[in-house]
Amino acid sequence: MKVYGESEAEMTSPPMVPRPVGKRAATKLIVNMEVVEKEMEMSDGVSYVYWTFDGTVPGSFIRTRVGDEVEFHLKNHPDSKLPHNIDLHAVTGPGGGAESSFVAPGHEAVFTFKTMNPGLYVYHCATAPVGMHIANGMYGLILVEPEGGLEPVDKEYYVMQGDFYTEGENGERGLQAFSMQKAVDEDADYVVFNGKVGGLTGDNALTAKVGETVRLFVGNGGPNLVSSFHVIGEIFDKVYLEGGAMINENVQTTLIPAGGAAIVEFKVEVPGNLVLVDHSIFRAFNKGALGILKVEGEENEKVFGGKIEEKVYNPGVTATEEATEEVTEDAPVASTSLAQKMERGKQIYTQNCLACHQATGNGIPNAFPPLANSDYLNADVHRAIEVVKFGLSGEIEVNGNVYNSAMPKQNISDEDVANVLTYVYNNWGNNKTEVTAEMVKKAK
Ligand code: HEM
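Residues numbered from 1 in each chain as written. Predicted model: local features only at pLDDT ≥ 70, side-chain atom pairs only at ≥ 80, totals over all residues. Heavy atoms only, no water.

A. Inspection of the coordination of the iron atom of the ligand at higher detail. Here the iron atom of the ligand is held by His357 (NE2) and Met407 (SD), and the distances to it run 2.1 Å. Judged by relative accessible area, His357 falls into the buried class, the value being 10%. Exposure remark for Met407: the relative accessible area of 23% places this residue in the partly exposed category. (Donors = N, O, S within 2.8 Å, 3.2 Å for Na, K, Ca; no water. Buried < 20%, exposed > 50% of the residue type's maximum accessible area, 1.4 Å probe, protein only.)

As C-alpha cells, this is what we get:
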C-alpha cells in the first residue's frame, strides 16, 4: 500500500482518544512517546511509584490506520532509574519492537513498522523483569483503523484495567512498594480502571447524553487478571471480540484477556449512572474496578418504567388482611410511632442496606462507609435522605476516611426511607433524628 505524506500522531491521555482517521490515506506517522517514572495516587492516602508511557496509566492512546508507516520515537526521561522499551501488539516483527526500542535513561530510540492488521492492540514495556514493568503501569492501547475508518459514533472513550500488588494491604496508607511475591501469587491488592481507585468516578466519570452511541476502547494491561468487563444497566449492542474484526451483538459481559482488548458499543436510552465493572465482582466493590458513565437526558418510561408499586408480602396473612397493608406513595404503612418506625426500619435495613453497610453499621473499610457514629450522616439529615433516595457517587469523607465509590439509589417508598433512616439515626451512637415521610417527599 502506498503512503502519502507525513504527519505527527495526535496522542491523548485516558479517557480521551484522538480524532478518528476517517477517510485519510495511509501515511508516514511519527509517534513521540516518553517514559516517565513518577509517584502518583493509587487510592486515597495511598501513593505508588508508577512507571509510565507519557506520564499516565494507561499511556497515551495511539490512533493509526492500516497501511501507515509508523516511525516510533521512544524517549526515556533522564530522571528514570531504569532502561525501558515497548512491545506493541500491533507490530509484525521481533518482540513487537521491544529490542529495537530498548532505551536507557536520557536516550531516545527510533524504530519503524507498518500497521498490517486493523484492530485494537495493547502495548507494554517488555524489559526484564517484564511482569514488574507491566505491574507498575507500563501499558496502553494502539488502534489500527480499517481503510475508511470505523463507523462514526457520538462518544468515544479509553478505559484500561490493571492489577496492582503492594507491600501493604489494600487501603494501607502512605507510599507503597511493589510486592513481587504477591504479583507471583496473583494476589492483587488493587484492580482498577485507568490506573487508580476512582480513575473513572466522581470528577473522572465518563459522560453521555440520552440517544448517543458510546464506543469504549477497553484494554487490559494485567499483568495477571482476565477482566469480565460489564456495564451495569446496559447491554453491548456490539462487541469487537478481543479487539479484532469479529463482531458479536447483544452481549452482557465480555472477556478481556490480560494483554488484550475489546471495543464495545452501545446506545444509551435512559438517564442514570451506568457502572463499569469487572464482574469478578469483589474486584469492583473491594479492589477498585468500578467506573461511572453518567447519562443525562429525558426519561423514557417505555424503555425503563422504574418501580411502580410496592406491597407488603407476607405469606402468612390472608388476602383481605394483606390488602389493608398495601404500601404506595398515597397509602403509606401506618408506622407512625417511633417504635413502629424502628421495627419497620430494621426490616428495611436488613433487606436493603446490610449487605454493604453490615449488621453492625460499621461498613467495610475502603469499600462501604460506616453508618455507625457517622459524622457524615449526623451532619445533615437532608443530605442523608438524598443519598438513600437518589444514590450517591464520587468522593465523600466519613469519620476521616475518604470513600470514592457508588451507592445505588434505593427503590423503597418515601415512608420506608423515613423508617430506615430513623432506625439508623436511633442506633449505633447516632444523633437520634426522627425522619418523617414528609421530609423524604420534599427531597428532590
Ligand atoms: C454511602 C445509607 C444501601 C453502598 C451511604 C451514606 C448513607 C448511606 C447515609 C452516606 C455516608 C455515611 O454516612 O456513611 C444507606 C442506607 C441504605 C444503603 C440507609 C439502605 C436503605 C447501600 C447499599 C450499598 C451501599 C445496598 C452497596 C451496594 C454505599 C457506598 C457509599 C454509601 C459505596 C459511599 C458512596 C460514595 O463513595 O460516594 N449510604 N445505604 N449503600 N453507601 Fe449506602
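B. Seen up close, the pattern of salt bridges. Here the structure, examined in full by the defined rule, presents 18 salt bridges. A salt bridge links Glu10 to Arg19, with the shortest nitrogen-to-oxygen separation between them at 3.2 Å. In this structure Glu10 comes out as partly exposed when scored by relative accessible area, which is 32%. Judged by its relative accessible area of 63%, Arg19 is exposed. A salt bridge links Glu156 to Arg63; its shortest N-O distance comes to 2.7 Å. Of this pair, Glu156 sits in strand 11 (residues 155–164) while Arg63 sits in strand 5 (residues 61–65), and the two are 93 residues apart along the sequence. Overall, the relative accessible area of 14% leaves Glu156 in the buried class. A relative accessible area of 5% means that Arg63 is categorised as buried. (Salt bridge = Lys/Arg side-chain N within 4 Å of Asp/Glu carboxyl O. Helix = DSSP H or I, 4+ residues; strand = E, 2+ residues; numbered from the N terminus.)

C. Looking closely at the site of the ligand. Around the ligand sit 26 residues in total, of which Cys353, Cys356, His357, Gly394 and Met407 are the nearest. Here Ser374 contributes a side-chain N or O atom positioned 2.8 Å from an oxygen atom of the ligand. Contributing elements (two or more residues each) for the shell around the ligand: helix 6 (338–357), helix 7 (375–379), helix 8 (381–390), strand 23 (392–398) and strand 24 (401–407). When the residues that make up the shell around the ligand are grouped by side-chain class, the tally is 18 nonpolar, eight polar and no charged. (Near = heavy atom within 4 Å. Polar contact = N/O pair within 3.5 Å; in protein donor to acceptor, adjacent residues only side chain to side chain. Nonpolar A, V, L, I, M, F, W, Y, C, P; charged D, E, K, R; others polar.)

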